[in-house]
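The lines below spell out each chain.
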Amino acid sequence: MILYQAFVVGLAMAFGKWINAYGSFAQLMPFITYILLAILLGKNPAQALIIGAAVELAFYGVMQIGAVLPQDTAVGGVLGVAFALILNQKPAVAVALAVPISMLAVIVWNLLKFWFTANVEVFEKYIAERNSHKFNRLWWIQIGVYELAYFLLAFLAILLGTAGIKAFVNSIPAQFLTGLTVAAGMLPAVGMAMLLKYVWNIAFLPFFIAGFALAAYLQLPIMAISIFGIVFGLIMFFIDRDINNIKTDKKVSNSKSNDEGDFFDD
Amino acid sequence: MILYQAFVVGLAMAFGKWINAYGSFAQLMPFITYILLAILLGKNPAQALIIGAAVELAFYGVMQIGAVLPQDTAVGGVLGVAFALILNQKPAVAVALAVPISMLAVIVWNLLKFWFTANVEVFEKYIAERNSHKFNRLWWIQIGVYELAYFLLAFLAILLGTAGIKAFVNSIPAQFLTGLTVAAGMLPAVGMAMLLKYVWNIAFLPFFIAGFALAAYLQLPIMAISIFGIVFGLIMFFIDRDINNIKTDKKVSNSKSNDEGDFFDD
Amino acid sequence: MILYQAFVVGLAMAFGKWINAYGSFAQLMPFITYILLAILLGKNPAQALIIGAAVELAFYGVMQIGAVLPQDTAVGGVLGVAFALILNQKPAVAVALAVPISMLAVIVWNLLKFWFTANVEVFEKYIAERNSHKFNRLWWIQIGVYELAYFLLAFLAILLGTAGIKAFVNSIPAQFLTGLTVAAGMLPAVGMAMLLKYVWNIAFLPFFIAGFALAAYLQLPIMAISIFGIVFGLIMFFIDRDINNIKTDKKVSNSKSNDEGDFFDD
Amino acid sequence: MTNKIKFTDREKKLTRRLFWRNMFLGFNMSYTRQQGVAWDWVHQPVYRDIYKDDDQYWEAMQRNLEFFNTTPNMVGTVSGLAVSMEEENAKAPKGTFDTAGISGMKIGLMGPLAGIGDTFFSGVWGLIIMGIAISFAKQGNLVVAALPLIALIPNILIRWYGQKYGYKLGSQYIQKAVEDGVMTMFTKASSIVGVTVVGGMIATLVKVPVVFKTKINGTVFELQKVLDQILPAMLPLIVTIICFWLLRKNVSPVKVLIGVVIAGFLLTFLGITGA
Amino acid sequence: MTNKIKFTDREKKLTRRLFWRNMFLGFNMSYTRQQGVAWDWVHQPVYRDIYKDDDQYWEAMQRNLEFFNTTPNMVGTVSGLAVSMEEENAKAPKGTFDTAGISGMKIGLMGPLAGIGDTFFSGVWGLIIMGIAISFAKQGNLVVAALPLIALIPNILIRWYGQKYGYKLGSQYIQKAVEDGVMTMFTKASSIVGVTVVGGMIATLVKVPVVFKTKINGTVFELQKVLDQILPAMLPLIVTIICFWLLRKNVSPVKVLIGVVIAGFLLTFLGITGA
Amino acid sequence: MTNKIKFTDREKKLTRRLFWRNMFLGFNMSYTRQQGVAWDWVHQPVYRDIYKDDDQYWEAMQRNLEFFNTTPNMVGTVSGLAVSMEEENAKAPKGTFDTAGISGMKIGLMGPLAGIGDTFFSGVWGLIIMGIAISFAKQGNLVVAALPLIALIPNILIRWYGQKYGYKLGSQYIQKAVEDGVMTMFTKASSIVGVTVVGGMIATLVKVPVVFKTKINGTVFELQKVLDQILPAMLPLIVTIICFWLLRKNVSPVKVLIGVVIAGFLLTFLGITGA
Ligand SMILES: OC[C@H]1O[C@H](O)[C@@H](O)[C@@H](O)[C@@H]1O
Ligand SMILES: OC[C@H]1O[C@H](O)[C@@H](O)[C@@H](O)[C@@H]1O
Ligand SMILES: OC[C@H]1O[C@H](O)[C@@H](O)[C@@H](O)[C@@H]1O
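Residues numbered from 1 in each chain as written. Chains lettered and ligands numbered in written order. Predicted model: local features only at pLDDT ≥ 70, side-chain atom pairs only at ≥ 80, totals over all residues. Heavy atoms only, no water.

Lay out the overall build of chain A with the relevant residues and their values.
Secondary structure summary: chain A contains ten helices and zero strands in total. Each helix (α) and strand (β) of chain A, taken in turn from the N terminus, gives the series α-α-α-α-α-α-α-α-α-α. Its C-alpha atoms give chain A a radius of gyration of 24 Å, clearly above 18 Å, the size a compact globule of 266 residues would have. Projecting the C-alpha coordinates of chain A onto the three principal axes gives extents of approximately 75 × 65 × 30 Å. (Helix = DSSP H or I, 4+ residues; strand = E, 2+ residues; numbered from the N terminus. Rg over C-alpha atoms; globule rule 2.2 N^0.38 Å.)

Provide a residue-level description of the overall build of chain D, including the pertinent values.
Across its full length, chain D carries eleven helices and two strands. Counting helices and strands in the order they occur from the N terminus, chain D gives α-α-α-α-α-α-α-α-β-β-α-α-α. In terms of C-alpha radius of gyration, chain D reaches 25 Å, well past the compact-globule figure of 19 Å for 275 residues. By the burial criterion, 57% of the 275 residues in chain D qualify as buried. Looking at chain D alone, contacts between residues at least 24 apart form 70% of all its contacts between residues at least 6 apart. (Buried < 20%, exposed > 50% of the residue type's maximum accessible area, 1.4 Å probe, protein only. Contact = heavy atoms within 4.5 Å.)

Residues and numbers for the confidence of the model for chain A, please.
The predicted coordinates ought not to be read in detail in places where the model reports low pLDDT. Residue and element names in this part refer to chain A. For chain A, the mean per-residue pLDDT works out to 85, and 91% of the residues sit at or above 70. Per-element mean pLDDT across chain A ranges from 82 in helix α10 (residues 222-254) up to 95 in helix α9 (residues 205-218). Across residues 253-266 the pLDDT falls below 50, and counting only partners more than four positions away or on other chains, this stretch makes 14 contacts in the model. (pLDDT = per-residue confidence, 0-100.)

Requested: an account of the domain arrangement of chain A, with residues and values cited.
Domain parsing of chain A yields domain 1 (2-199) and domain 2 (201-266). On a C-alpha basis, the centroid separation for the pair domain 1 of chain A and domain 2 of chain A is 37 Å. (Domains from an automatic or database assignment.)

Mind laying out the UniProt feature "transmembrane region" (unreviewed entry) in chain D, listing which residues take part and the relevant values?
Residue and element names in this part refer to chain D. UniProt's entry tags residues 113-136, 142-161, 182-206, 226-247 and 254-272 with the feature "transmembrane region" (unreviewed entry), counted in the numbering of this structure. Its end C-alpha atoms 32 Å apart, residues 113-136 is made of 100% helix and 0% strand. Here residues 182-206 runs as 96% helix and 0% strand, with 34 Å between its end C-alpha atoms. (UniProt positions renumbered as here; feature names shortened; annotations may be inferred.)

Just give me the short version of the UniProt feature "transmembrane region" (unreviewed entry) in chain A, but keep the residues and values in it.
All names here are of chain A. If you check UniProt for "transmembrane region" (unreviewed entry), the listed places come out as residues 24-41, 48-69, 92-116, 137-160, 172-191, 198-216 and 222-239 in our numbering. Overall, residues 137-160 shows 100% helix and 0% strand. The separation of its end C-alpha atoms is 33 Å. Helix and strand shares over residues 172-191 are 85% and 0% respectively, and the end C-alpha atoms of the span are 27 Å apart.

Can you explain the interface of chain F and chain A? Please cite residues and give values.
It is common to report an interface's size as the accessible area lost on association of the parts. Contacts between the two partners involve 111 residues from chain F and, on the opposite side, 96 residues from chain A. Here chain F meets chain A over a buried area of about 9,600 Å², counting both sides, of which 78% is carbon and sulfur. Remark: the boundary between chain F and chain A carries 15 residue pairs in polar contact (both at pLDDT 80 or more). Of all elements in the fold, only α2 (36-50), α3 (54-64), α5 (100-137), α6 (147-169), α7 (171-180), α8 (182-205), α10 (234-248) and α11 (253-269) of chain F reach the threshold of two or more residues within the side of chain F that touches chain A. Top element by residues in the side of chain F that touches chain A is α8 of chain F. It accounts for 19 residues. Considered class by class, the residues forming the side of chain F that touches chain A number 69 nonpolar, 29 polar and 13 charged. (Buried area = accessible area lost by both parts, 1.4 Å probe. Polar contact = N/O pair within 3.5 Å; in protein donor to acceptor, adjacent residues only side chain to side chain. Nonpolar A, V, L, I, M, F, W, Y, C, P; charged D, E, K, R; others polar.)

Could you give an account of the packing of helix α9 (residues 205-218) of chain B against helix α8 (residues 182-205) of chain D, with specific residues and numbers?
Between α9 of chain B and α8 of chain D, whose axes approach to 7 Å, the crossing angle comes to 35°. Read as a crossing pair, α9 of chain B and α8 of chain D show a hand that is right-handed. On α8 of chain D, the residues touching F207, F208, G211, F212, A215 and A216 of chain B of α9 of chain B are I192, V195, T196, V198, G199, G200, I202, A203 and T204 of chain D. When its residues are assigned to classes, the contact of α9 of chain B with α8 of chain D shows ten nonpolar, five polar and no charged. (Axes fitted to C-alpha atoms, helices over the stretch in contact; angles between N-to-C directions. Left-handed = near helix turned anticlockwise from the far one by under 90°.)

Quick one: what's the story with the side chain of Q142 of chain C, residue by residue and with numbers?
Examined against the element boundaries, Q142 of chain C turns out to sit in helix α7 (residues 132-171). Take Q142 of chain C: its relative accessible area is 0%, and that puts it in the buried class. Apart from the residues lying within four places of it in its own chain, the contact partners of Q142 of chain C are W115, F116, N119 and F123 of chain C together with N28 of chain E.

I'd like a rundown of the packing of helix α8 (residues 188-199) of chain A against α8 of chain F, residues and numbers included.
Direction vectors running N to C along α8 of chain A and α8 of chain F enclose 160°, while the axes themselves pass 10 Å from each other. Considering the angle they form, α8 of chain A stands roughly antiparallel to α8 of chain F. The handedness of the crossing between α8 of chain A and α8 of chain F comes out as left-handed. Contact residues: α8 of chain A offers P188, M192, L195, L196 and V199 of chain A, while α8 of chain F offers S191, V195, V198, M201, I202 and L205 of chain F. Class assignment for the residues of the contact of α8 of chain A with α8 of chain F results in ten nonpolar, one polar and no charged. (Parallel < 35°, antiparallel > 145°, perpendicular 65-115°, else oblique.)

Explain the packing of aromatic side chains to me, using residue names and the numbers behind them.
Taken as a whole and assessed by the stated rule, the structure comprises 96 aromatic pairs over all chains. Ring centres of F151 of chain B and F155 of chain B lie 5.8 Å apart, and the angle between their planes is 20°; on these two criteria the pair is classed as stacked. Here F155 of chain B and F151 of chain B lie together in helix α6 (residues 132-170), a separation of four residues that amounts to about one turn. You'll find F151 of chain B and F155 of chain B in the same group, each marked buried. Ring geometry for F24 of chain F versus W41 of chain F: centroids 5.0 Å apart, planes at 65°, classification edge-to-face. Residue F24 of chain F is located in the loop between α1 (9-21) and α2, and its partner W41 of chain F is located in helix α2; the two are separated by 17 residues in the primary sequence. Each member of the pair, F24 of chain F together with W41 of chain F, is buried. The positively charged end of R48 of chain D is found above the aromatic ring belonging to Y57 of chain D, 3.9 Å away from the centroid. (Phe/Tyr/Trp six-rings, centres within 6.5 Å; stacked < 30°, edge-to-face > 60°. Lys NZ or Arg CZ within 6 Å of the ring centre and 35° of its normal.)

Lay out the arrangement of the chains with the relevant residues and their values.
A gap remains between chain C and chain D, with no contact made and the closest C-alpha atoms lying 12 Å from each other. No part of chain A reaches chain E; the closest C-alpha pair between them is 12 Å apart.

An account of the nonpolar core is needed here, citing residue identities and associated values.
Core analysis: the largest hydrophobic core is formed by 567 residues, its most contacted members being V9 and F31 of chain A, V9 and F31 of chain B together with V9, F31 and L79 of chain C. If we skip the residues at most four places from it in the chain, F31 of chain A touches L49, G52, A53 and E56 of chain A together with M130, A133, I134, A137 and V144 of chain F. (Core = buried A, V, L, I, M, F, W, Y, C linked by side-chain atoms within 4.5 Å.)

Tell me what's going on with unusual backbone geometry, and back it up with residues and numbers.
A positive phi angle, near 55°, is found at R130 of chain B, a position not held by glycine. Position of R130 of chain B among the secondary structure elements: in the loop between α5 (91-128) and α6. In the Ramachandran plot, N28 of chain D falls in the positive-phi region, its phi being about 55° despite a non-glycine side chain. Mapping N28 of chain D onto the fold places it in the loop between α1 (9-21) and α2 (36-50).

I'd love a proper account of a nonpolar patch on the surface, names of residues and values included.
All names here are of chain A. A surface patch of nonpolar side chains, about 620 Å² in accessible area, is lined by I2, L3, L148, L152, L156, L159 and L160. The element contributing the most residues to the nonpolar patch is helix α6 (residues 132-170), with five residues. Position of L160 among the secondary structure elements: in helix α6. (Patch = residues over 30% accessible without salt bridge, like charges linked within 9 Å, V, L, I, M, F, W, Y side chains within 5 Å. Areas by Shrake-Rupley, 256 points an atom, 1.4 Å probe, with all protein chains shown as cover. Salt bridge = Lys/Arg side-chain N within 4 Å of Asp/Glu carboxyl O.)

Describe in detail the confidence of the model for chain D, supporting the description with residues and values.
Summing up the model confidence of chain D, the mean pLDDT is 85 and the portion of residues at 70 or higher is 93%. In the model output, the complex is listed with pTM 0.80 alongside ipTM 0.79.

Can you lay out the environment of A84 of chain B for me, pointing to particular residues and giving the numbers?
All names here are of chain B. Here A84 lies in helix α4 (residues 73-86). Assessed through its relative accessible area of 1%, A84 is described here as buried. C-alpha of A84 to C-alpha of I239: the two residues are 155 residues apart in sequence and 51 Å apart in space. When neighbours within four sequence positions are excluded, A84 is seen to be in contact with I51, Q89, K90 and A94.

Residues and numbers for the environment of S135 of chain F, please.
Residues and elements named next belong to chain F. Note on placement: S135 falls in helix α5. Its relative accessible area of 27% is what places S135 among the partly exposed residues. A C-alpha to C-alpha distance of 9.8 Å links S135 and L205, two positions 70 residues apart in sequence. Within the local environment of S135, its side chain forms a polar contact with the backbone oxygen of I132, the two atoms lying 2.7 Å apart.

Explain the pattern of salt bridges residue by residue, including any values.
With the rule as written, the count across this model stands at 42 salt bridges over all chains. Linking R63 of chain D and E86 of chain D is a salt bridge whose minimum nitrogen-to-oxygen distance equals 3.0 Å. Residue R63 of chain D is found in helix α3 (residues 54-64), and its partner E86 of chain D is found in helix α4 (residues 75-91); the two are separated by 23 residues along the sequence. Between R63 of chain E and E59 of chain E there is a salt bridge, with its nearest N and O atoms 2.9 Å apart.

Here it is in structure tokens:
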């Protein structure tokens, strides 16, 4: 039983990490993985979604840009949801497990990337040797190791960790669980703040306030806020275009011809 | 009875078509005609309005610009409402009649306009002959024929068509009426699309989206949407003015004096 | 009893007028004074706030700019609230008293300011005499007289006016009170109009309309309207900055260096 | 623009007459001259008054029968301007005033004025007034009969003041407004209002009521609810966008109209939509 | 702008003293000098400290009694700048520093600063704070007593930092801000906030409650309902626009006020409005 | 941009192959070359096809192992361009085509494309799709499994058409777009959408539920209610601003994360927040 569970969680994990890299399909979203996981574990997929929603909310907005990956949300998510499903626990417990796991799992990725980096010169050597076969072999070996590593990580975590986690979860006092729920509810603030930091420019302040006010006062759903965001973005785009055209005109009139303005006219 | 009905519907029609041309008073709106129609037919004016609202909704947004007149909504409206009132039918029936009639009636207008066109050289001849009297006579004859044509159209339609329409309406199966109601509900989409086509410019996209979102999410009535539309229009007007002033300034500073900028200042 | 009441109202008045001048602390708001007043009079502070709210609403938006002070709202407010509290009257009565008193009280201020103006040459003389002591003495005397004048005004109004006011208030017919309530409800329109006049520029029209429509259709509270106002203000600020940068660039490119544009960049 | 314009008694009378006659501009349109014949009939009495000389009068009538077409509500300005120019012509010694300038002005202004006029009157104002009227009429509320009074205000004002200022202030202001781009800016602003309102209308007036529901695993699945959760008024929006796209591909409005009716019936017969 | 400004102990003491004395700027205003006398009283100790020479001290007192008027909350910047200039004067060999520059700066800045200050403090901030305070007070909620703490934050900050930066960074920044149009842009932005809020206030705070109703053909006709269907808060808007229009025609505020009161009574006696 | 692009059969096959291989760009990233190795593996078959000459093929492989990093979804354009340049190289007589141009283009475009790509895909699109998905998932609604189909549309389109146009239309358009500032404008517009959505998310997704209440003078005082009266979702906003401020001070995200968790526990233990 536990062996089977460990095995299927390992599979789900391998699938999740594949999706993480392949085609930037991450927007295929972890929820697919959670449904898969629930089916393989013989649990209710709807329940898996509810647990998964709590976990994804806590990860909401976290993203990797350039080199910095603060949390491996795929690993945290799969294991958090898996433990909660196996132990029939509440979403709060899944969050409690997912967050620390996601932080620890970054280490695995760093190790893998370190090894990939070491291999760059091997690839170079194969090219110098004009050996396509070896080049491709190493490419696929790396991908295989990547997949295997995450499979094993999940497999071992379930196999060896379930008993301990169960004992741990059962010993959690009620007030601690309340604290956990509150903390999980606050976590999306970090993701939001990271996103803000990435795109921030003081000139965007009014739109930030507008988005907040529309949601806070008019109780609009995410879709509506997004639509109004698109409205703002487009308005500013066209105003910028008009302003920009003057600038271009000015430069142009000082130098060459005037046919640049109509790039966007239709 | 039927003769009287045919006569008063003819009158209402003549009135409606007069309003169509005189002083661009079309915004005096067909509803006046429908109230008139109900009173003359001895029916409830409130009921006429309810039927008329369904018909006008199906015509909503249809407009003539330049040469193209896709539907003669005045003719369709008067006859559709008249039949529904006379036969005590539901709004959906009025719509079912009004839409095809409005399309057919365009032919009448085209015939009339064809004749007016042929007469242009007659007018020219009268001017060459310096004959004011004949010029004016032809002018009023044309208007008389125009009015009479629509009067007769309505008169005959009621006189000859009522029995057939009644039989036809009674034979309509329930599901067909449902289909009709659905189709009538969808028809304003065509008017909206025509308006959009007329004014469209990609830079207006954000305002289109905004209008839609305000109505879809905040359930605002037409008046409110219009007010927000005015807000958007004015904001863009003043921003354009500012941008434009720079352009003007630029040209001006290259050539002549600077007193143009204050055309709008107050 | 009445003496004590007159005395404490005088104190509250002196406090209120102090706050009117000191540190532009008017935003410390009359409500503090009303709470104080209620406590000193042994009345319910919550009730004082409710009465005060009605009075402040009738004064809402009235402000002194430059020389023109249309109403001395501090005097009107304290006496209006004081009479209503002492006579256990409704907010409408407080408004009925506060508005005319606030207009009359402007006279007192004009008299005081007239005397201060006459004293300017005395101050000049003391400076010519190099007499710091006398300079400071006159300064404090003026402040003392200012405070005392308003204390006495309130003291006498309560002492001598209460009986008359009581008789007057009791004789008010019901319909008159209704009229009063309606009039009081309409009064903020004057304050709003004054504010508008002060800041008006035709380019602000869309924002005025937007503020109105947001409140009228979406029932948003003041705070929300303010937030949307800030959104509008900021958006226009940044658009103006962009437009302005072009203007500056243009001038600059015609003359000197280009380092001015980045004053605001961050 | 000063609003102190002094008219002589004769001018006042002419002005009023022109105003009323211009109401007929929409009658008797032809394919070749559009409102050309109407222009002549409208200005007849004014030309008579201006040209004491019969030759000149008939020359003017002949000249002005030319092609003319603008939004009738906007004609006032052109009328006023044209009349003031005809007066110049009447006063000038024969042969010194080039009447081509009158034609030029008419042709030059009728286009931009139609642009603004159609956008504003058909695309914005008519739309709003009609929208409100429909919402009253739906409830059988007779107050609707009073709305035209409001609706006609801009119509009357633009006709009257357009003509007045056109006559007195001459072409320079309008010319200037066109050159300064104020005209374009105004049309753009009007269009924005129109487009916003159209956006709103789609969500409130176009109806595609989905009644389809089914049971999946015992839970009822109502298609309309799921659609609303994604985007309220999604189907009306999609239908309108399809129509818009077809019209832009120059499919004739009538075909689009018939297509929509057929779609409505089909969807209903398939049990997807209903009432 | 760097926020690392080093003050000596003496400067710190002076700064604090000036800050507190400036609180009195609103007292003892006169028609001829407005805040001129107050300026002198406020700066007395600072001038004493700067000018060891008694002649110079009294000359400064005399000079600064001149006309001065700005939004009291904005005085910090001018104060800081003026003091730094007086210090230059004190250090400069007699007769080499032109004190007209100090007057010029005071006169030059007091206007724009009053523009921003009045707009922001009376037109925006005061309005918002008061609006919120009234909504609390209406319910008798004593929390209102805590609001001044928030309300005074910008007052205190602008006074304090304005004075600090005015003193240390000199006039170039403010000069520059005025020239770059940043000042105008800021005033405009503030005004937009104010105008928006006023628009909102009209709909929420001005009340013209219509109670008129009648029966037409058996159906009850409630005027307020019909008005609301056309435009909610229509009458408050109209009343305010009329007041605004009268004020722009330079009708005195007091007359407008009395007019509104009379209108309120009249409408009530006629049975149109009520409570 | 014309949308009539003719491809030969060979080109069609290559195009499709490139498209699929590019899906692997995110694998096997290294610290030193990021996606450099993946680029080589992806373009292997295309280079093979282009360079009949084995020397040239291996030279290209060696050359293209260089550092490369962009948003994988945006790679299409660069790929298309690079391939067309390699073809020029293959056709040109040896030594006449400077392959530095290929590197230059790759390095020059990968930055701006990553800017747009990360902003749009992570900051806007992903955020919205995930937000909607979470709201479905919360209710256990399996419809969520269908959302990826919508979510992947822009991904696929940009990959496919980017590559197609990149290949055929060459660098001038993209170059031009960068120069004209269209690229910047687009990134700015995307960022505005992102920032707006983040603002909205804070109010809807971040939860700081205050349960503290007490009796003052017999009336119940609920802290959450008072806070809501001042500003709904005030605490979520404050928490986010604090996090943002810490991140801007370069506090590591992990520390901020831990800090928030601790704060959540503390507030709960103190009886202020709860569930
Ligand atoms: O387009 C200008 C004008 O053309 C024709 O005269 C008619 O369609 C009018 O309704 C329209 O306003
Ligand atoms: O206008 C500047 C200033 O003038 C006077 O001093 C007073 O009315 C102040 O309230 C105002 O701020
Ligand atoms: O920033 C560009 C690019 O950098 C890395 O390749 C990854 O972090 C991607 O997710 C990102 O899009």
